Amino acid sequence: MSIPEITIYNTLSRKKEIFEPLNTPNVGMYVCGPTVYGDPHLGHARAAIVFDVLFRLLTYLGYKVRYVRNITDVGHLENDADEGEDKIAKKARLEQLEPMEIVQKYTDSYHHSMDLLNIRHPSIEPRASGHIIEQIKMIQDIMDNGFAYEVNGSVYFDVVKYNSSNNYGKLSGRVLDELMENTRDLAGQEEKNNGVDFALWKKAQPEHIMKWPSPWSTGFPGWHLECSTMSSKYLGDYFDIHGGGMDLLFPHHECEIAQSQAANGKDPVKYWIHNNMITIDGQKMSKSLGNFITLDELFAGNHKLLSQAFNPNTIRFFILQAHYRGTLDFSDTALLGAEKGLSKLLNGIEQAKKIVATDSTTSDISKLKAECMKAISDDFNTPVLISHLFEAVRITNSVYAGEETISQGDLKTLNSIFEDFATEILGLIDDQNKQGNNLIDPLMNLIIDIRQESRANKDFATSDKIRDVLSELNITTKDEDGGTTWTYDG
Ligand code: ZN
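Predicted model, so just to flag it, every value in this text is computed and none were measured.

A.B. asks: Could you give me a rundown of empty space enclosed by the protein, with the residues and numbers involved?
C.D. replies: Under the counting rule described, the total for this entry stands at 5 cavities of 30 Å³ or more. The volume enclosed by the largest cavity comes to roughly 110 Å³. At the level of secondary structure, the elements contributing two or more residues to the lining of the largest cavity comprise β7 (198-203), β8 (219-221) and α7 (223-235). Here the lining of the largest cavity is built from residues that sort into 5 nonpolar, 5 polar and 3 charged. Taken together, R46, V50, V53, I319, L320, A322, Y324, F380 and T382 make up the full set of residues lining the second largest cavity. The set of elements that each furnish at least two residues to the lining of the second largest cavity consists of α1 (42-61) and α10 (312-320). Considering every element that reaches the lining of the second largest cavity, the biggest residue donor is α1, with 3 residues. Here the lining of the second largest cavity is built from residues that sort into 7 nonpolar, 1 polar and 1 charged.

So, in C-alpha cells, the structure goes:
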C-alpha cells in the first residue's frame, strides 16, 4: 500500500518533518480535550476543528487512526502553581450542583457544539476520574525511580533532579534556571523543594469533594498526570501524535514528557502539534474584557459583538481559512466575510453537479487536484487548499456560463475535488446531513410531479394543499419553461 507523503511541523524539533508513523498503517493520536466547567467557546472550536481535519486527512489517506481525546473532570486547579480551587468544584459550588452534575452538563454542552461543527467523534474519550488507579500507579513508578517526593500526604515531581539527567524544557524551550528565578517568591509553594516542582498528587482539604484514597493521603491527582496516564494506556508508552492548543505547551505538555520519561524512561511522543490561539478584535479572549463568546452565543447571534447568528459551518470555514499555526483574529466583519465565501463555495459545489460535459477541457483539472493534495499535505495548509477550491469554483462558473468547456473525465475529477477536499477532509458539508441531502432532491421532485398531475386533473384541493404546506416550510416553487424549480428560504 502506498500512502502519499505528508509533512508535519513538529514542535519538539521546531521544524517540518516527513510524517512516518511508528507502525504504518496504524496511527495513535492524543489530543488534550476540554476541562468541563463551562460552555465551549471559540478556543475549543479551533483546537477541535484543527485536529478533526488532521484525523480526517490521515483517515482519507488510508491510515487507521486511533484518536484519543480526553475529558478533564478532576484535578485542574485555578492556577498553575498547584494552588487554588479545582475549577469543576468551584463551578459546582457556584451553581449549587454536584461536581459530577457540572461535568455531565458541560460535557453534553461540548458534545452538542462539536456535533454542530461537524467534528467526528474521537475513537476513545476517556475521563480523568475514571483513571485514578492508573495515575496512582504512575506516581508510584516515578517515586520508585527517584524523581518524586512526598510531603504531608502530597507528592511532587522533582524537576531539578529530573533536569540533571534529562532536559526539562525541551518542548517549550524554557530554561530551568530562569523558571527557578521566576517561581522563587510565589505564594503557596512552601511544601515544595523548589517552586518549579509540580504536583502529582495533592492531599485533599476536608471540604474537598472529589477525592480518592491513595498510599499517601486521601486526595486527587495533578492535572498533567491524567494525559500521561491515559495516552500510554490507550496508545502505548511511545506513540505518534500528541496535539493541543499552544497554551498547553507549558507547563502541561512539558510536564507530560517529564512524567513519562521519569516513569518508564521513554520520550512519549514522536510528533507534537500545537494550534495557535484566537484573538478577538486583536485582544486576548477573556471574561474581564467582555469579549468572551461561547459557541452557543455565536450560533444564536446572542452577544453584543455579533450582528447576527452564524451557522456552525461558517465558524468552521472561518477557522480553516487560517493556517493552524498562525493566530486568528475573530471579528463580526471577518465572520460575515467567511459566510459569503462559504456560500460561494457551496453554490459552486452544487453547480458542478449540474454541468454538462463536452469533448474537450479548457483548464487543467488534474493539475488543480494535485495542487489541492499538495497544499493539505504540506503541514495541513488549509488556506492554500481553500484558494484552490475557489479556483475550482471559478472553473465551474465559467463552464456553466459557456465560457469554458470540460470533458466527461475532467468533470468527474472536478466533482471529486469538491467531494474529497471540501467534504471529506475539510468537513465543510455536514456528514449527518449529507445522506439526508441526497434524499431531498428526489423527494421534492416527487412532490412537484404530484402537484402538476393534480393540477392537470383539476384536483385543485391537492395542488393547493401542496402549495400551502411548501409555503409554510418557506419553500418557494417557480414554474419555468424547462419545468418547476424550488428554493428554500430558511
Ligand atoms: Zn492534556
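A.B. asks: I'd like to hear about the packing of aromatic side chains, residue by residue, with values.
C.D. replies: When we look at a pair of aromatic rings, we describe it by the centre distance and by the angle of the planes. Evaluation of the coordinates by the stated rule reveals 13 aromatic pairs. Between F157 and F198 the ring centres are 4.8 Å apart and the planes differ by 10°, which places this aromatic pair in the stacked class. Note that F157 is positioned in strand β6 (residues 154-157) and F198 in strand β7, a separation of 41 residues in sequence. For F157, a relative accessible area of 0% translates into the label buried. On the basis of relative accessible area, F198 is assigned to the buried category, the value being 3%. An aromatic cluster of three or more residues is present, and its members are F147, F157, Y162 and F198. K161 extends its terminal NZ or CZ atom over the ring of F147, reaching a point 5.7 Å from the ring centre. Geometry around Y9 places R325 over its ring, the cationic atom sitting 4.0 Å from the centre.

A.B. asks: Report on the domain arrangement of the protein, specifying residues and quantitative values.
C.D. replies: By a widely used convention, the size of an interface equals the accessible area lost when the partners come together. Looking at the assigned domains, one finds that the protein contains domain 1 (7-275), domain 2 (280-425) and domain 3 (433-488). Computed over C-alpha atoms, the centres of domain 1 and domain 3 are 54 Å apart.

A.B. asks: Just give me the short version of the nonpolar core, but keep the residues and values in it.
C.D. replies: Of all hydrophobic cores here, the largest spans 80 residues; its most connected members are L298 and F330. Per-element tally for this core: the top contributor is α1, with 12 residues. When residues no more than four places from it in sequence are discounted, the contact partners of F330 are L42, I278, T279, I280, D281, I293, L298, L306, F318 and L335. One finds Y30, I132, F198 and A263 within the second-largest nonpolar core, a separate group that totals 43 residues.

A.B. asks: Before we move on, can you summarise the environment of K369 with the specific residues and values?
C.D. replies: The topology assignment puts K369 in helix α12 (residues 365-377). With a relative accessible area of 23%, K369 lands in the partly exposed category. Considered as a pair, K369 and T413 are 44 residues apart in the sequence and their alpha carbons are 7.6 Å apart. Contacts of K369, omitting those with residues within four sequence positions, involve T413, S416, I417, D420 and F421.

A.B. asks: Go over the sheet that holds strand β13 (residues 328-330) with me, naming the residues and quoting the values.
C.D. replies: Strand order in the open sheet formed by 3 strands is β12-β11-β13, and the pairing between neighbours is mixed. Edge positions in the sheet fall to β12 (283-284) and β13, since each of these pairs with one other strand and no more. Here strand β11 (residues 278-280) pairs with β13 via 3 bridges, running parallel. Within the sheet, the bridge partner assigned to T279 lies in β13 and is D329.

A.B. asks: Pulling in residues and values, what's your account of the coordination of the zinc ion?
C.D. replies: For a metal with four donors in a tetrahedral arrangement, the ideal angle between donors is 109.5 degrees, while six donors in an octahedron ideally sit at 90 or 180 degrees. Listed as protein donors to the zinc ion are C32 (SG), C227 (SG) and H252 (NE2); their distances from the metal cover 2.0 to 2.1 Å. All donors to the zinc ion come from one chain, and their sequence spacing reads C-x194-C-x24-H. Of this pair, C227 sits in helix α7 while H252 sits in helix α8 (residues 249-264); the two residues are 25 residues apart in sequence, bridging distant segments of the chain. Each member of the pair C227 and H252 is classed as buried.

A.B. asks: Describe in detail the packing of helix α2 (residues 87-95) against helix α3 (residues 99-116), supporting the description with residues and values.
C.D. replies: For the pair α2 and α3, the least separation of the axes is 8 Å and the interaxial angle reads 100°. Between α2 and α3, the angle is such that the two are roughly perpendicular. Residues I88, K91, A92 and E95 of α2 form the contact with α3, whose own contacting residues are P99, I102, V103, K105 and Y106. Residue composition of the contact of α2 with α3, grouped by class: 6 nonpolar, no polar and 3 charged.

A.B. asks: Describe the pattern of salt bridges, with residues and values.
C.D. replies: Taken as a whole and assessed by the stated rule, the structure comprises 19 salt bridges. Here E95 makes a salt bridge to K105, at a shortest N to O gap of 2.8 Å. Residue E95 is found in helix α2, and its partner K105 is found in helix α3; the two are separated by 10 residues along the sequence. Accessibility expressed as a relative area gives 25% for E95, which makes it partly exposed. For K105, a relative accessible area of 40% translates into the label partly exposed. Ionic contacts of the salt-bridge type, sharing partners, join the residues D52, R56 and R316 into one network.

What counts and what doesn't
Residues numbered from 1 in each chain as written. Predicted model: local features only at pLDDT ≥ 70, side-chain atom pairs only at ≥ 80, totals over all residues. Heavy atoms only, no water. 1 Å grid on protein atoms, 1.4 Å probe; cavity = no way out; pocket = protein on both sides within 12 Å on 5 of 7 lines; lining within 4 Å. Points joined across faces, edges and corners; volume = space filled by probe spheres on them. Helix = DSSP H or I, 4+ residues; strand = E, 2+ residues; numbered from the N terminus. Nonpolar A, V, L, I, M, F, W, Y, C, P; charged D, E, K, R; others polar. Phe/Tyr/Trp six-rings, centres within 6.5 Å; stacked < 30°, edge-to-face > 60°. Buried < 20%, exposed > 50% of the residue type's maximum accessible area, 1.4 Å probe, protein only. Lys NZ or Arg CZ within 6 Å of the ring centre and 35° of its normal. Domains from an automatic or database assignment. Core = buried A, V, L, I, M, F, W, Y, C linked by side-chain atoms within 4.5 Å. Contact = heavy atoms within 4.5 Å. Pairing = 2+ DSSP bridges. Donors = N, O, S within 2.8 Å, 3.2 Å for Na, K, Ca; no water. Axes fitted to C-alpha atoms, helices over the stretch in contact; angles between N-to-C directions. Parallel < 35°, antiparallel > 145°, perpendicular 65-115°, else oblique. Salt bridge = Lys/Arg side-chain N within 4 Å of Asp/Glu carboxyl O.

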